[in-house]
Structure formats: C-alpha cells, structure tokens
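Working through the structure, step by step
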Amino acid sequence: MTPLHPFVVSLFGGFCIGIAAVLMMALLGRIAGITGILMQGMRAPAANQWAIAFVAGLPAGALLFHSLTGTPMPPFDAPLPMIIAGGFTVGFGARLGSGCTSGHGICGLGRFSVRSIIAVCTFMLFAFLTVFMRLHGGVG
Amino acid sequence: MNLVAALGCGILFGVGLAMSGMTDTERVIGFFDVFGNWDPSLAFVMGGGLLISLPFFQLLQPKLKGPVFGDVFRVPDRTDIDGRLIGGAALFGIGWGLTGLCPGPAVAALAHLDVDIIWATLAMLAGMLAADQIDRLLDAGKTSRA
C-alpha cells in the first residue's frame, strides 16, 4: 500500500475530530471544547462525570491509533522551564479567553461565533509570532 | 448511557488528534513556522473538522429538538468582545508557540507516557485554575463597581 499523503491523513484526522464534536452536541448537548470540559471536570467531577469520561477517552484514542497503525508516538523535546511556562500560559490563556483550538476553532467557527473568529485569529497570530521570534528572532 | 457516549466521543476525538498530527509538537511548530520550514498539513485538520461541524451547526442542529441523552443544547450565547477574550487568546497563542501543545493534544499525548508531557499538562491545568480565580476576582471587581 502506498502511504497516504500527510495532507490526506491530517484531513481524515480532522474528520474524526469534527464527527466527535458533532456527536458531543447531538448526543449530550455539549460543546466539545477541551478547555471547558477540563474545567467542568476539575471543578465538579461528581456532577460532570461525562466530562471525566470524555477526557479519559482522549489518551485512549491516541493509544488506540498508534497501536492499530503501528506508527511511533511522536517525540516531545523542549527544556523543562519552557515546558512549564508554555503549559501554564496555554492553560491560563485558553481559560481566560473562553476556549482553545477545539471550542473556538472546530465548534465556534462552525457556529459562526464572532467571539470565536476573533479568538482563533488572535491565538493563531500570536502562536505564529512566538514561533517566529524563537526560530528566527534570536529569542528563546 | 451518556457516560458511554462521552467516552466514545473522547476516544474518537483522541484518534483524530493522533492521526492528524496535532500531538506531534514538531509538526505543530512547523505549521507556525511560515517563513522557515513551513509544514502546511495541519491546516487540513481544522479544515476537515469544519467540513463536518459547520454543516451540522448551521443546517442540522436548528432542526433538532434537543440532544439524544440530555435536555437542551448547551451553546454559548455571548457576543461581547472584551479584553479577557483577546488577552486570553493572545496568551494561549504564545504558550502554544512555545511548546506546540494545545489543551486537547496535551491530554491525548498523556498516552505517550512521557514525563515532559505530564509536566506540560499539569502546568496547563494549573494555568486554567489560576485563570479561573482571576476571572472571579475580575467579576467581583465589576460587581462592586456597579
């Protein structure tokens, strides 16, 4: 079998994410925004067991994909201070800004939410600027 | 039944994140490295997701009475653009550019059993809880002024 082009694999991965987001709304009436789901799970786990179940499914799904396809799990290589600072900033910003790539991106853009359109443009721009500064601006 | 549905959705979402390359931080950084060794493939992830979610939210959902295992569709109805939305999104973008991990992939990549991913995810959860506290303080400040 000839390997599929990475664009096609990414597109199919996007389809899976889109179907999961649609099912979350159609079955449970919930936005599949990871930040919101994580917060609901942390603040009131007993009342939001669905959130715990969904969050547990994420690594299970990743494990399932790599086991079935035999593809290696991608490496993650960064200095620890940057990992902590980056992780904290991602969580802080996503919560303050009411959502991340899934909630604002896949769901919010699909709903034509003006807040989400502004959020997606803003975080994409700042991620691009950060990577540019790190790789080409002599910072980091 | 809704727990099984939520778990199933989470698994499918996790399969999608791993398949699409979103859990591969090198590719995520490559996607943002437009003026360097640009890897545009991750644009197809949001494209693919929207090809499914957009028709559902625009065409199908308005015709449905409610979710199969719930009472009502819980959809955000805010339309105000405030500093928290823009400042939060900017900070989120900066953090995403530093590690290449946004919240969904960070949790999905816990499957890699990599200590650094665990640190990144714990730091992320701490950041979310901290933002929640700031959010409450800001809200309290607003109420007392009003």
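Residues numbered from 1 in each chain as written. Chains lettered and ligands numbered in written order. Predicted model: local features only at pLDDT ≥ 70, side-chain atom pairs only at ≥ 80, totals over all residues.

1. A closer look at the overall build of chain A
What counts is decided by this rule: Strands here are runs of E lasting at least two residues and helices are runs of H or I lasting at least four, both read from the DSSP assignment and numbered beginning at the N terminus. To assign burial, the other C-beta atoms lying within 10 Å of each residue's own C-beta are counted, with C-beta atoms placed from the backbone; 20 or more indicates buried, 12 or fewer indicates exposed, and intermediate counts indicate partly exposed. Contacts here follow a simple rule: the backbone-placed C-beta atoms of the two residues must lie within 7 Å.
The helix and strand inventory of chain A stands at six helices and zero strands. If you list the helices and strands of chain A from N to C, you get α-α-α-α-α-α. By principal-axis analysis of the C-alpha atoms, chain A measures approximately 50 × 45 × 30 Å. Burial statistics for chain A: of 140 residues in total, 59% are counted as buried. Here the contacts in chain A between residues at least 6 apart in sequence split such that 42% fall between residues at least 24 apart.

2. Overview of the overall build of chain B
For clarity, the threshold we go by: For the radius of gyration, the atom set is restricted to C-alpha positions; the globular benchmark scales as 2.2 Å times the number of residues to the power 0.38.
Within chain B one finds six helices and zero strands. When the helices and strands of chain B are read in sequence order from the N terminus, they spell out α-α-α-α-α-α. Taken over C-alpha atoms, the radius of gyration comes to 18 Å for chain B, far larger than the 15 Å a tight globule of 146 residues would show. The dimensions of chain B, computed from C-alpha atoms along their principal axes, are 50 × 40 × 30 Å.

3. Looking at helix α1 (residues 6–28) of chain A
Residues and elements named next belong to chain A. Worth spelling out the cut-off: What a helix is expected to span follows from its residue count: subtract one and scale by 1.5 Å.
The end-to-end C-alpha separation of α1 is 32 Å, in line with the 33 Å expected for 23 residues at 1.5 Å each. A large share of α1 lies buried, amounting to 17 of its 23 residues. A positive backbone phi angle near 75° is found at Gly29, which sits one or two residues after α1.

4. Here's the deal with the nonpolar core
This is how it is decided: To form a nonpolar core, buried Ala, Val, Leu, Ile, Met, Phe, Trp, Tyr and Cys residues must be joined through C-beta atoms within 7 Å.
Grouped together as the largest cluster of nonpolar side chains are 93 residues, with contacts concentrated most on Ala20, Ala21, Met24, Ala32 and Ala62 of chain A together with Cys9 and Ala109 of chain B. Residue contributions to this core peak at 13 residues, all from α1 of chain A. Not counting residues up to four positions away in its chain, the partners in contact with Met24 of chain A are Arg30 and Ala32 of chain A together with Cys9 of chain B.

5. Topic: the packing of helix α5 (residues 101–110) of chain A against helix α3 (residues 43–60) of chain B
What counts here: Note on geometry: axes are C-alpha line fits, over the in-contact stretch for helices, and angles between N-to-C directions span 0 to 180 degrees. Helix crossings fall into two classes, left-handed where the near helix is turned counterclockwise from the far one by less than a right angle and right-handed where it is turned clockwise.
Direction vectors running N to C along α5 of chain A and α3 of chain B enclose 40°, while the axes themselves pass 7 Å from each other. At the point where α5 of chain A passes α3 of chain B, the crossing takes the right-handed sense. For the pair α5 of chain A and α3 of chain B, the contacting residues are Gly105, Ile106, Cys107, Leu109 and Gly110 of chain A in the first and Met46, Gly49, Leu50, Ser53, Leu54 and Phe57 of chain B in the second.

6. Describing the packing of α5 of chain A against helix α6 (residues 114–136) of chain A
Residues and elements named next belong to chain A. Note the following rule: Put simply, Ala, Val, Leu, Ile, Met, Phe, Trp, Tyr, Cys and Pro go in the nonpolar bin, Asp, Glu, Lys and Arg in the charged bin, and everything else, Gly too, in the polar bin.
It is the contact of α5 with α6, at a shortest axis distance of 8 Å, that shows an interaxial angle of 145°. Remark: the crossing between α5 and α6 carries left-handed chirality. Judged by residue contacts, His104, Gly105, Gly108 and Leu109 of α5 engage Arg115, Ser116, Ile117, Ala119 and Val120 from α6. For the contact of α5 with α6, a count of residues per class yields four nonpolar, four polar and one charged.

7. Examining the interface of chain B and chain A
Across the boundary between the two partners, chain B contributes 103 residues, which contact 94 residues of chain A. Of all the secondary structure elements, the ones that give two or more residues to the side of chain B that touches chain A are α1 (2–20), α2 (25–32), α3, α4 (83–99), α5 (103–108) and α6 (115–145) of chain B. Residue contributions to the side of chain B that touches chain A peak at 18 residues, all from α1 of chain B. The residue inventory of the side of chain B that touches chain A, partitioned by class, reads 64 nonpolar, 29 polar and 10 charged.

8. Some thoughts on α1 of chain B
All names here are of chain B. Between the first and last C-alpha of α1 there are 26 Å, a value that for 19 residues agrees with the 27 Å anticipated at 1.5 Å per step. The buried fraction of α1 is high, at 14 of 19 residues. Gly21 sits one or two positions beyond α1 and adopts a positive phi of about 100°.

9. So, the environment of Ile17 of chain A
Relative to the elements of secondary structure, Ile17 of chain A occurs in helix α1. Overall, Ile17 of chain A belongs to the buried group, with 32 C-beta atoms counted inside 10 Å. C-alpha of Ile17 of chain A to C-alpha of Asp77 of chain A: the two residues are 60 residues apart in sequence and 25 Å apart in space. Here Ile17 of chain A is in contact with Ile106 of chain A together with Phe13, Gly16, Leu17, Ser20, Val45 and Gly49 of chain B, once residues within four sequence places are set aside.

10. A look at the confidence of the model for chain B
All names here are of chain B. Quick note on the threshold: Note: pLDDT gives the predictor's confidence per residue, expressed from 0 to 100.
Confidence along chain B averages 95 in pLDDT terms, with 98% of residues attaining 70 or more. For chain B, per-element mean pLDDT is lowest for α6, which scores 91, and highest for α5, which scores 98. Here the predicted complex carries an ipTM of 0.96, next to a pTM of 0.95.

11. Examining unusual backbone geometry
Working note: non-glycine residues mostly have negative phi, and peptide bonds are mostly trans. In this model, Ser98 of chain A sits at a positive phi of 65°, which is unusual for a non-glycine residue. The residue Ser98 of chain A is located in the loop between α4 (80–96) and α5 in this model.

12. Side note on the confidence of the model for chain A
Averaged over every residue, the pLDDT of chain A is 95; residues scoring 70 or more account for 97%. Here α5 of chain A stands out as the least confident element of chain A, with mean pLDDT 95; helix α3 (residues 49–69) of chain A is the most confident, with 98.

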